Amino acid sequence: FKPDKVWSYELGEKFRGDDGRITINSAAYFENWQHIQQNIPLSCGFPFTGNAGDAHIYGTELEINAVIVPGLVASVNGSWLHAEYIANAVPATTIGERVQEVPELTASASLAYRHGITDKIALIGRVDNNYVGSRIGTTARANYLPSYDLTNIRAGVEGSNWTAVLFANNVTNRVAL
């Protein structure tokens, strides 16, 4: 297969409040992706990696970080994107079909806490949730993978050159395909 190529165009804005307690970053973008390398299913049930075609991808992103109270920072971000084929190189790829493994929606949110215990040691904690929207995966055929979200928690202490934390990832025990 041939190498892929991408031309990407982005327009964005960054804002930081005068007191530094809030930052907002946003962007809109367009990409022209050519010779996309994807898994292409064969009628015998096995896929191969090849150039599936060309796609246009456009979307938006928004990120907000805010200091709620000293030591407590809330962050949220999300993106929406539309990625679909505009030209196909193999019969298994359909014009207008979504590009594999590219969710239309993603989002995350977190709360992070840091509190000094002494001049050299601080208590730290964080909880975050990450959402990934539905997407298409391919093994022997196209699979429509459902959306999922995962929640992670961590807590510990940190010094100037070290950190010790306990953490639990996927605390709700969700299955993510």
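Since this is a predicted model, take the numbers as computed values, not measurements. (Residues numbered from 1 in each chain as written. Predicted model: local features only at pLDDT ≥ 70, side-chain atom pairs only at ≥ 80, totals over all residues. Heavy atoms only, no water.)

S.K.: So what exactly am I meant to see when it comes to the overall build of the protein here?
M.R.: Regarding its fold elements, the protein presents zero helices and 10 strands. By its C-alpha atoms, the protein is 65 × 35 × 25 Å across when sized along the principal axes. Going through the 177 residues of the protein one by one, you find that 29% of them count as buried. Taking contacts inside the protein between residues at least 6 apart in sequence as the whole, the part at least 24 apart equals 52%. Element-wise, carbon and sulfur atoms account for 58% of the exposed surface of the protein, whose accessible area totals about 11,300 Å². Here the protein carries 13 positive and 17 negative side-chain charges, and the mean point of each set is 6 Å from the other. (Helix = DSSP H or I, 4+ residues; strand = E, 2+ residues; numbered from the N terminus. Buried < 20%, exposed > 50% of the residue type's maximum accessible area, 1.4 Å probe, protein only. Contact = heavy atoms within 4.5 Å. Areas by Shrake-Rupley, 256 points an atom, 1.4 Å probe, with all protein chains shown as cover. Lys, Arg positive; Asp, Glu negative; His and termini not counted. Charge placed at Lys NZ, Arg CZ, Asp CG, Glu CD.)

S.K.: Would you explain the pattern of salt bridges in this entry?
M.R.: Where side chains of opposite charge bring their charged atoms close, a pairing between them can arise. This structure, assessed with the given rule, holds four salt bridges. The partner of Glu158 in a salt bridge is Arg114, and the shortest N-O contact between them spans 2.5 Å. Taken as a pair, Glu158 in strand β9 (residues 148-158) and Arg114 in strand β5 (residues 105-116) lie far apart in primary sequence, 44 residues in all. Given the relative accessible area of 18%, Glu158 is considered buried. Residue Arg114 is classed as partly exposed on the basis of its relative accessible area of 47%. (Salt bridge = Lys/Arg side-chain N within 4 Å of Asp/Glu carboxyl O.)

S.K.: Mind showing me how you'd approach the pairing of β9 here?
M.R.: The side chains of a regular strand alternate between the sheet's two faces. The pairing of strand β6 (residues 122-132) with β9 spans 11 bridges and is antiparallel. Bridge pairing in β9 links Asp128 to Asn152. Here β9 hands over to strand β10 (residues 163-168) after four residues, the two strands then running antiparallel side by side. (Pairing = 2+ DSSP bridges.)

S.K.: What is the right way to look at the nonpolar core in this model?
M.R.: Nonpolar side chains tend to gather and get buried jointly when the protein is soluble and globular. Counting residues in hydrophobic clusters, the biggest one holds 13 residues, and the most contacted among them are Ile36, Ile57, Leu81, Ala83 and Val99. Taken together, the elements giving at least two residues each to this core come down to β2 (22-41), β3 (47-69) and β4 (72-88). When residues in this core are grouped by element, the largest group, four residues, is from β2. (Core = buried A, V, L, I, M, F, W, Y, C linked by side-chain atoms within 4.5 Å.)

S.K.: Sorry, what's going on with the sheet that holds strand β1 (residues 5-16) here?
M.R.: Two modes of strand pairing occur in sheets, parallel and antiparallel, and in both the strands are linked by backbone hydrogen bonds. In space, the eight strands of this open sheet follow the order β1-β2-β3-β4-β5-β6-β9-β10, with antiparallel pairing throughout. Across the chains shown, the open sheet's two edge strands, defined by having one partner strand only, are β1 and β10. Each strand of the sheet is rotated relative to its neighbour by a mean of 15 degrees, with strand direction disregarded. Alignment of β4 against β5, held across nine bridges, turns out to be antiparallel. Residue Ala74 lies in a different strand from β5, and its bridge partner there is Leu111. (Axes fitted to C-alpha atoms, helices over the stretch in contact; angles between N-to-C directions.)

S.K.: Explanation requested: a nonpolar patch on the surface in the structure shown.
M.R.: Residues Tyr113, Ile117, Ile121, Leu123 and Trp162 make up a contiguous nonpolar surface patch of about 460 Å² in total accessible area. By the secondary structure assignment, Ile117 is in the loop between β5 and β6. For Ile117, a relative accessible area of 52% corresponds to the exposed category. (Patch = residues over 30% accessible without salt bridge, like charges linked within 9 Å, V, L, I, M, F, W, Y side chains within 5 Å.)

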